[in-house]
Amino acid sequence: MREREDEWTGLMRSAISGDDAAYHRLLKAVTPVLRAAARRGLARAGQPVDQSEDIVQDILLAVHLKRHTWDANAPFAPWLFAIARNKLIDALRRRGRRVFVNIDDFAEVIPSEPAAETAPASEIAAQLQTLPARQREVLQSIAVEAASIKDTAAKFAMSEGAVRVALHRGLASLTAKLREQ
Amino acid sequence: METDQLIRTLAADNTHQARPVGVVLALALLAAAPVSLAIFFAGLGVRPDVMTAMHNPFFDLKFAVTLALAISAITLSLHLSRPEASLRGWAWLLLIPAGLLVGGIATEMMLPQRLPMMTRMVGSNSRVCLTAIPLISLPLLAAALLGLRHGAPSRPAVTGAIAGLLSAGLAATLYASHCTDDSPLFVAAWYTLAAALVTAIGALAGSRVLRF
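Residues numbered from 1 in each chain as written. Chains lettered and ligands numbered in written order. Predicted model: local features only at pLDDT ≥ 70, side-chain atom pairs only at ≥ 80, totals over all residues.

**Quick notes on the overall build of chain B**
Selection criterion: Strands are runs of DSSP state E lasting at least two residues, helices are runs of H or I lasting at least four, and both sets are numbered from the N terminus onward. Exposure classes come from backbone-placed C-beta atoms, where a residue is buried if 20 or more other C-beta atoms lie within 10 Å of its own, exposed if 12 or fewer do, and partly exposed in between. This entry defines residue contacts through backbone-placed C-beta atoms, with two residues in contact when those atoms are within 7 Å.
Across its full length, chain B carries nine helices and zero strands. For chain B, the α and β elements follow one another from N to C terminus as α-α-α-α-α-α-α-α-α. Oriented by its inertia axes, the alpha-carbon framework of chain B measures out at about 75 × 35 × 25 Å. Burial analysis of chain B (212 residues in total) assigns 48% to the buried set. Within chain B, contacts between residues separated by at least 24 positions form 90% of all contacts whose residues are at least 6 apart in sequence.

This is the structure:
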């Protein structure tokens, strides 16, 4: 457990200093833990646990947009679990349940917990349709078609800088829309 | 969108690195400062005898108290803008301005005074104080909340309250240069009440706008 968390901290440090691959690996590594914690929170609130994926995505977006509040000298896991806990509480509250989420729910998750049935997330896909066309196209190109920034720029006859701006704005407004719903 | 697709998209956006919360907070406060200064100079202005007043240690103490409040609250609010932060081990910062004030009151008690205690406490500017400090602080409070929105506070209401203290501290620093009531008793009564009002507004607004 300890080792896992030290690895996350190292990956996040690399990510902050510009290593996109490390960032990708980090997000991949934390996702099963977040998913297990979301399922546990849902179960405790008497909600169907297969709804966890929207919560996981909500947490990942918040992690991404708030990662500048992580202190690179501090361990990454407590920061991550605090973000996740906030988002989980919000999500359960939106579903009309008041529950207490224990921070240990996250720390105790065993990585080898079996992958259970999970319904596909739908909230981001729905909000994506409300974005301005350019932002939506850029997001879809990178997310669904797995195109690079460069390829996306070529496809839409945009500069790479403009693609980056559209990508970031799109993610930021997706997050804002999810929060308002 | 599948989670793997989202992760890929987030990784592609890794080049976008946001500014630290402290920088955004500072910029927001700097942008709001002219508004607060304009309210202060249009409505009140510095008291005319400020040059002589500066030699009165109780006049100077007002600035020590209000600036200590502002600086402690800024430090606290930046701390609370991190999601894993709690007040534990940090709340004592707010005891600094309170301690300065208590020290001032004790000192004043030991010195011979021309006016009775109640008169010094009630003063002659209480109503102006209670109006001016909240009014001057509002632009700063809005700016502080805007700056802190850039953070990720787990406790939005508490963080909003600290933003209220921060803006009240800055506003009271301006107001102190206008007010002719220099007794620490006056400060303890009226400045505190004014700051409490702004703190309540901050908590209320924070619980709405500081969720992330």
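After presenting the structure, the write-up continues.
**Regarding the nonpolar core**
Note the threshold: Remark: nonpolar core denotes a set of buried Ala, Val, Leu, Ile, Met, Phe, Trp, Tyr and Cys residues whose joining runs through C-beta atoms within 7 Å. Where a domain begins and ends is set by an automatic assignment or by a domain database.
Ranked by internal contacts, the top residues of the largest apolar core, which has 56 residues, are Ile59, Leu60, Leu80 and Ile83 of chain A. Secondary structure elements with two or more residues in this core: helix H1 (2-16), helix H2 (20-44), helix H3 (52-65), helix H4 (76-94), helix H7 (133-143) and helix H9 (160-180) of chain A together with helix H1 (3-12) of chain B. Among the domains, domain 1 (1-120) and domain 2 (122-181) of chain A are the pair contributing at least three residues each to this core. Contacts of isoleucine 59 of chain A, omitting those with residues within four sequence positions, involve Leu34, Ile83, Ala84 and Lys87 of chain A. The next biggest cluster of nonpolar side chains, apart from the first, holds 54 residues, and it includes Leu166, Leu174, Val198 and Ala205 of chain B.

**Brief notes about the interface of chain A and chain B**
Note the cut-off: The nonpolar class holds Ala, Val, Leu, Ile, Met, Phe, Trp, Tyr, Cys and Pro. Asp, Glu, Lys and Arg form the charged class, and all remaining residues, Gly among them, are polar.
Contact residues are listed per partner, giving 38 residues for chain A and 28 residues for chain B. The set of elements that each furnish at least two residues to the side of chain A that touches chain B consists of H2, H3, H4, helix H6 (123-128), H7 and H9 of chain A. Of the residues that constitute the side of chain A that touches chain B, the class distribution is 23 nonpolar, eight polar and seven charged.

**Details of the packing of H2 of chain A against H3 of chain A**
A packed helix pair is summarised by two numbers, namely the angle formed by the two axes and the spacing between the axes. Residues and elements named next belong to chain A. Definition in use: Axis lines are fitted to C-alpha atoms, over the contacting stretch for helices. Their N-to-C directions set the angle, which ranges from 0 to 180 degrees. Orientation categories follow fixed angle ranges, with anything under 35 degrees roughly parallel, anything over 145 roughly antiparallel, 65 to 115 roughly perpendicular, and all other angles oblique. Handedness of a crossing is defined here by the sense of rotation of the near helix relative to the far one, left-handed for an anticlockwise turn of less than a right angle and right-handed for a clockwise turn.
It is the contact of H2 with H3, at a shortest axis distance of 9 Å, that shows an interaxial angle of 130°. The angle between H2 and H3 falls in the class oblique. In the packing of H2 onto H3, the handedness of the crossing is right-handed. Residue-level inspection shows Leu27, Thr31, Leu34, Arg35, Ala38, Arg39 and Leu42 of H2 in contact with H3, the latter providing Ser52, Ile55, Val56, Ile59 and Leu60. Counted by class, the contact of H2 with H3 contains eight nonpolar, two polar and two charged residues.

**Here's the deal with the domain arrangement of chain A**
All names here are of chain A. Assigned domains within chain A: domain 1 (1-120) and domain 2 (122-181). Facing eight residues of domain 1, the contacting portion of domain 2 comprises eight residues. In the side of domain 1 that touches domain 2, the residues fall into four nonpolar, two polar and two charged.

**Description of the confidence of the model for chain A**
Applied cut-off: By definition, pLDDT measures how confident the predictor is in each residue, and it falls between 0 and 100.
Model confidence for chain A is summarised by a mean pLDDT of 87, while 88% of its residues fall at 70 or above. The least confident element of chain A, judged by mean pLDDT, is helix H5 (residues 104-107) of chain A at 63; the most confident is H3 of chain A at 94.

**Some details on helix H2 (residues 21-43) of chain B**
Side chains three or four residues apart in an α-helix point the same way, a direct result of the helix having 3.6 residues per turn. All names here are of chain B. Spelled out, the test is: What a helix is expected to span follows from its residue count: subtract one and scale by 1.5 Å. We define the bend at each residue as the angle formed by axes fitted to the 7 residues ending at it and the 7 residues starting at it.
Counted at 1.5 Å a residue, the expected span for H2 with its 23 residues is 33 Å, and the 32 Å between its end C-alpha atoms agrees. At alanine 32, H2 shows its strongest bend, of approximately 30°, with the proline proline 34 following within four residues. Within H2 the residues assigned to the buried category are Val21, Leu25, Ala28, Leu29, Ala32 and Ser36. For H2, the elements touching its buried residues are helix H4 (57-80), helix H7 (126-148) and helix H8 (156-176). Positive phi appears at glycine 45, one or two residues downstream of H2, with a value of about 80°.

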